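A closer look at the structure
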Amino acid sequence: MTHIPHRYRATLMDCYTDVLSVCGDLTIRLELEFEERLDEKRLEEAIDLTLDAEPVLGCRFVDDSYRPCFKRLEANKRSAFLLANSASEYGAFKSTPIDHRAGPQINVCLWHSPEGDRLLLKVAHQVTDAAGVKDVVAILSGVYRHMLVDPAYRPSPNVRERRSLWRLLRHVRPLACPRILLNSVKSMTLVLRPHAVHTLTVPDGPRAPLTCVTRLITADRVSVLAEYGRSQNATLNDVFLAASVRALLNTTNWDGRSYLSLTTTIDMRRYMPAEHTEAVASYSTSATHWPDLGTEPGHEFRTTLGKVSRITSYGKTHWIGLDVLLFPWTHLFTIMPYRSAKNRFAGFVRAGVERHVQEHLFTNTGPIDPESVTFGKRPSTAHILPPQTYPPIPFDWGLSGYDGTLTLAACAYPTQKETIERFFDAVLKELPA
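Residues numbered from 1 in each chain as written. Predicted model: local features only at pLDDT ≥ 70, side-chain atom pairs only at ≥ 80, totals over all residues. Heavy atoms only, no water.

Moving on to the overall build of the protein chain. Scanning the protein chain from N- to C-terminus turns up 12 helices and 16 strands. The C-alpha extent of the protein chain, read off along each of the three principal axes, is 65 × 50 × 45 Å. When the 433 residues of the protein chain are sorted by exposure, 57% land in the buried category. About 18,700 Å² of surface is accessible on the protein chain, with carbon and sulfur atoms providing 54% of the total. (Helix = DSSP H or I, 4+ residues; strand = E, 2+ residues; numbered from the N terminus. Buried < 20%, exposed > 50% of the residue type's maximum accessible area, 1.4 Å probe, protein only. Areas by Shrake-Rupley, 256 points an atom, 1.4 Å probe, with all protein chains shown as cover.)

With respect to topology, 5 strands assemble into an open sheet ordered β6-β7-β8-β3-β13, the strand pairing being mixed. Looking at the sheet topology across the chains shown, the edges are occupied by β6 (81–84) and β13 (381–385). Each neighbouring strand pair of the sheet contributes to a mean axis angle of 15°, computed without reference to strand direction. Inspection of the sheet shows strand β3 (residues 27–34) paired to strand β8 (residues 116–124) by 8 bridges, in the antiparallel sense. By the bridge assignment for β8, E31 is matched with L120. Seen against the sheet, helix α2 (residues 40–53) touches β6, β7 (106–113) and β8 and runs at an angle of roughly 170° to β7. Set on the sheet, helix α3 (residues 87–95) makes contact with β3, β6, β7, β8 and β13; between it and β8 the angle comes to about 20°. (Pairing = 2+ DSSP bridges. Axes fitted to C-alpha atoms, helices over the stretch in contact; angles between N-to-C directions. Contact = heavy atoms within 4.5 Å.)

In this section: the pattern of salt bridges. All chains considered together, the criterion is met by 23 salt bridges. Note that R72 is salt-bridged to D52, the shortest N-O span being 2.8 Å. Placement of R72 in strand β5 (residues 69–72) and of D52 in helix α2 is noted, with a sequence separation of 20 residues between them. According to the relative accessible area criterion, R72 is buried, its value standing at 13%. The shortest N-O distance in the salt bridge between R269 and D129 comes to 2.9 Å. On the criterion of sequence distance, the pair formed by R269 in the loop between β10 (263–267) and β11 (284–287) and D129 in the loop between β8 and α4 (130–149) is long-range, its members being 140 residues apart. R269 sits in the buried class, given a relative accessible area of 3%. (Salt bridge = Lys/Arg side-chain N within 4 Å of Asp/Glu carboxyl O.)

A separate point is the pairing of β10. Two elements, β10 and strand β12 (residues 361–368), share 2 bridges in a ladder whose sense is parallel. Following the sheet pairing, T264 is matched in β12 by F362. Summarising the sheet, β10 and β11 pair through 4 bridges and their orientation is antiparallel. Counterpart to T264 in the pairing with β11 is A287.

A few words on the sheet that holds strand β15 (residues 396–402). Reading across from one edge, β9-β16-β15-β12-β10-β11 is the order of the 6 strands in this open sheet, with mixed pairing throughout. Edge strands, defined here as strands with exactly one partner in the open sheet, are β9 (211–217) and β11. On average, each strand axis in the sheet is tilted by 25° relative to the strand beside it, whichever way the strands run. With 7 bridges joining them, β12 and β15 adopt parallel strand pairing.

A word on empty space enclosed by the protein. Per the counting criterion, the structure on display carries 1 cavity of 30 Å³ or more. Around the largest cavity, the lining comprises 10 residues; the ones closest to its centre are Y8, E54, N158, R160 and R163. Residues belonging to the lining of the largest cavity are distributed by class as follows: 4 nonpolar, 1 polar and 5 charged. (1 Å grid on protein atoms, 1.4 Å probe; cavity = no way out; pocket = protein on both sides within 12 Å on 5 of 7 lines; lining within 4 Å. Points joined across faces, edges and corners; volume = space filled by probe spheres on them. Nonpolar A, V, L, I, M, F, W, Y, C, P; charged D, E, K, R; others polar.)

Moving on: the environment of E31. Note that E31 resides in strand β3. With relative accessibility at 6%, the residue E31 sits in the buried group. Once the C-alpha coordinates of E31 and V108 are considered, the two residues, 77 residues apart in sequence, prove to be 9.9 Å apart. What E31 contacts, discounting residues up to four positions off in sequence, is Y90, K94, L119, L120, T381, A382, H383 and L385. Engagement of the side chain of E31 in a polar contact is seen with the side chain of Y90, the distance being 2.7 Å. A polar contact of 3.0 Å, which involves the side chain of E31, links it to the side chain of K94. (Polar contact = N/O pair within 3.5 Å; in protein donor to acceptor, adjacent residues only side chain to side chain.)

We now examine the packing of aromatic side chains. Using the criterion set out here, one finds 12 aromatic pairs in the structure. On the numbers, 5.0 Å between centres and 35° between planes, the contact of Y271 with W319 is tilted. Here Y271 is found in the loop between β10 and β11, whereas its partner W319 is found in the loop between α9 (301–316) and α10 (332–335), with 48 residues between them in sequence. Under the relative-accessibility criterion, Y271 is labelled buried at 11%. Residue classification places W319 among the buried residues on the basis of a relative accessible area of 12%. Taken together, F362, F395, W397, F423 and F424 form an aromatic cluster joined through their ring pairs. (Phe/Tyr/Trp six-rings, centres within 6.5 Å; stacked < 30°, edge-to-face > 60°.)

Here we come to a nonpolar patch on the surface. A surface patch of nonpolar side chains, amounting to about 260 Å² of accessible area, comprises L181, V185 and L326. Relative to the helices and strands, L181 is located in helix α6 (residues 177–192). (Patch = residues over 30% accessible without salt bridge, like charges linked within 9 Å, V, L, I, M, F, W, Y side chains within 5 Å.)

So, on to the state of the cysteines. Throughout this description, disulfide means a covalent bond between two cysteine sulfur atoms. One pass over the structure, following the stated rule, counts 0 disulfides. C23 forms no disulfide, and the closest cysteine sulfur to it belongs to C15, at a distance of 16 Å. Residue C23 is classed as buried on the basis of its relative accessible area of 14%. Considering cysteine sulfurs only, C212 is the nearest to C109, which forms no disulfide, with 13 Å between them. C109 sits in the buried class, given a relative accessible area of 0%. (Disulfide = S-S within 2.5 Å.)

Structure follows, in structure tokens:
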């Protein structure tokens, strides 16, 4: 049996992500629906083996020291599986945040509903991002399938240190450093400039019950949108960014002075060979004011799309996302005790809300590979539910794909739900016919 370390140091990206927990619930959820029944006993054992296959998942996050770390849990203290007996029990599991400090870093629930099985994975953002969640479910489904052939199957633990940000940075060309530095200066200038951002903010309120808002876009519709994007030299991501900006513009009365911009997540795996990591880890950053249309969004959808496409095309060829690594607040915890850094960042967030410079965050998690979620049977639907911010911070939403379809999704607190539903309907209305 390979020796599994008792302790894993938290990487720069782990700490950077956890600092953001002052803004909201950082649980990432992946929901699957099956028409056939799964084997709950085999699934429970496969989950336990997954905590050994990627040992950091079987840990609790410790942030009461000067530098955070992940500490392995004893085998009898790392239960990660729940078999729900009712829709209400499944719903309660779905709405409850994962406790990353108690661990483990993943929780899984199976419900044998009358319409088919529902499988829900909850993963702490502190240990990985949405792309990493797809890696986690691929490991879990792979173990589950292996056990069907060989019940004694045991995966080899991934014990080498492969989560460091240096695994990414070593692939960045030295000649790119001046451009990354320039991007960082420009980004910080945009953040610090005196301006207000147009948002659909909602009043603060209770943190329960958490509900999920989704809109499914059929494969036929997605094909039409993709073809339209190609005709405009734009990607599907550009199409949804443009629709989102115009939905923000048209859902409420825009004053014509507030900036129309978003914060967009960037998966930095794009700069790695095969865009793949050797371990479950976080490699995503948030590009603020990207895209930023200022006060000139254009009079029609095609004009807005053209502006968005030019902005994203430039960023993709000029190392977008890496500039965040040079922001001073990204490194607060390297120069002061961790708890003090989180308190200082919370002050930045409060000031941003008061100055109306906090933006909505959009994250495109990309397609879910059907093979990675096949547990002997392929799910009929699959989507990712992104983390959610606490009101009055502007809400976040995400886009994920599966088997040709796309799903707009957000988790909503009571004061946000109606606004998010109206916004999603407005996004769909903005999409070209």
